[in-house]
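# Structure assessment
So you can see what is in the structure, the chains are spelled out below.
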Amino acid sequence: MSAAVPPSPSHPSTAGRLPALDALRAIGSVAVVAHHVGFHTGVSLNSQWGTWLARMDVGVAVFFVLSGFLLFRPWASSAAAGLPRPGVRRYFWRRALRILPAYWLTVLVCLTVLPQNRPASAGDWLRHLTFTQIYQRDQLRAGLGQTWSLATEVVFYLALPLVAVFTVGRTWRPVRTLVLAGGGALVTAGWLTLMGLGVVDTAVHTMWLPSYAAWFCGGMVLAVAHVALQTKTGPAALRVLDDLAAAPVACWATAVGLLAIATTPIAGPLDLAEPTAAEFAVKLTLYLAVGILIMIPVAFGDQKTRVHQAFGSTSARWLGLVSYGLFLWHPLVIEVIYLVADRPLFTGGLLETFALTMAGGLALAAASYYGVERPIQALSDRRHPRPTAPHPEHRAPAVNSPH
């Protein structure tokens, strides 16, 4: 499909950290918070502009595209630099220590503290602790509804090493890798076809990985393009990504326009009603485009622009660091707000509830990060120290984590 490209010296940003990407996690988390607050207050169902809140679940697309980019990039950059593939055992160890402790703590608190979840059955514990709560209907418990996306993402984590070996191969062929990485769109298209034929159920199977393979693979394609551009081994057509990155306002305005289309009935119902296969396909496509357009100005182009400085600022990066905790804990905060105030569902002020949720969510997220996540990440670094290449120009700095 394409000739093998001899490895060239690694560019510092090829496998290194892209600080501005940290802020994208925060954007995704805040969008998900807005989505859930809009639903609980009823604003997303009962006001004209509330349709935008209903579509703030686009934050999940941002997460998935970002995960595909960050987690696949080490495989692509290693191949481009002629270095050994990333260690699979180390990869799984770091993913487990990054995701599991804070998640298990959230499950423990939600299943024991929230009265709606008491008494939690053995099945509830088993399903949520093993990320299998999405494989049967109505198994997501109070305060844990958002974990469906994490359960889906964990399957991507497990599959990634095998997918990476298949797509990257033994020699760096960027065009071949681009085409194979984009094959995830065919997985999603086939899944949607089965959905349209009634073979799979839109009530359950819309949460499974095949529905979102195109989102993850969109990030993987961007990762391949990023490495190819930095190593100057890809086709000249890829430079359009750097050109787009130089026009961030245009990218983000287009993303807003596509999201505006998604607020219409063409992308399916705004509530919990099941979409048709066609509506779900439209929503997936629009969200993928939005996620990619949001990411391009931050990941590509000159990394010293005002955009990159803003996204890489101390406050933005801090929000990115605690964003995983915000994602995990904010539904518990919402549940507590409604329990303490004895509020019925679909009532309450939007701005007040959002402010309280963000404040409580960030407080718990900071406690989670400094008390659980960061100490365990330090353990991870001691247990599996980062390997270094024999020559300084091939030594890759730390890469971003998608969470």
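What counts and what doesn't
Residues numbered from 1 in each chain as written. Predicted model: local features only at pLDDT ≥ 70, side-chain atom pairs only at ≥ 80, totals over all residues. Heavy atoms only, no water. Helix = DSSP H or I, 4+ residues; strand = E, 2+ residues; numbered from the N terminus. Rg over C-alpha atoms; globule rule 2.2 N^0.38 Å. Buried < 20%, exposed > 50% of the residue type's maximum accessible area, 1.4 Å probe, protein only. Contact = heavy atoms within 4.5 Å. Axes fitted to C-alpha atoms, helices over the stretch in contact; angles between N-to-C directions. Parallel < 35°, antiparallel > 145°, perpendicular 65-115°, else oblique. Nonpolar A, V, L, I, M, F, W, Y, C, P; charged D, E, K, R; others polar.

## Structural notes on the overall build of the protein
When you go through the protein residue by residue, the secondary structure sums to 17 helices and zero strands. Since a compact globule built from 403 residues should have a radius of gyration of about 22 Å, the 21 Å found for the protein is in line with a globular shape. In terms of principal-axis extent, the alpha carbons of the protein reach across some 65 × 45 × 45 Å. Residues counted as buried form 53% of the 403 residues belonging to the protein. Sequence separation of 24 or more characterises 78% of the internal contacts of the protein that already satisfy a separation of 6 or more.

## A word on the packing of helix α8 (residues 174-181) against helix α10 (residues 209-231)
Between α8 and α10, the least distance of the axes is 8 Å, while the angle of their chain directions is 170°. On the basis of the axis angle, α8 is roughly antiparallel to α10. Listed contacts from α10 to Pro 174, Thr 177, Leu 178 and Ala 181 of α8 are Cys 217, Met 220, Val 221, Val 224, Ala 225 and Ala 228. For the contact of α8 with α10, the class distribution of residues is nine nonpolar, one polar and no charged.

## Remarks on the environment of Gly 50
Along the chain, Gly 50 falls in helix α3 (residues 50-54). The exposure class of Gly 50 is buried, given its relative accessible area of 0%. Considering only alpha carbons, one finds Gly 50 and Phe 39, eleven residues apart in sequence, at a separation of 9.1 Å. For Gly 50, the contacting residues outside a window of four places in its chain are Val 43 and Ser 44.

## Topic: the side chain of Ser 323
Tracing the sequence through the fold places Ser 323 in helix α16 (residues 323-340). The class for Ser 323 is buried, based on a relative accessible area of 3%. Not counting the four nearest positions on each side in its chain, Ser 323 is found in contact with Arg 25, Ala 26 and Ser 29.

Functional significance is not addressed by these values, which are geometric in nature.
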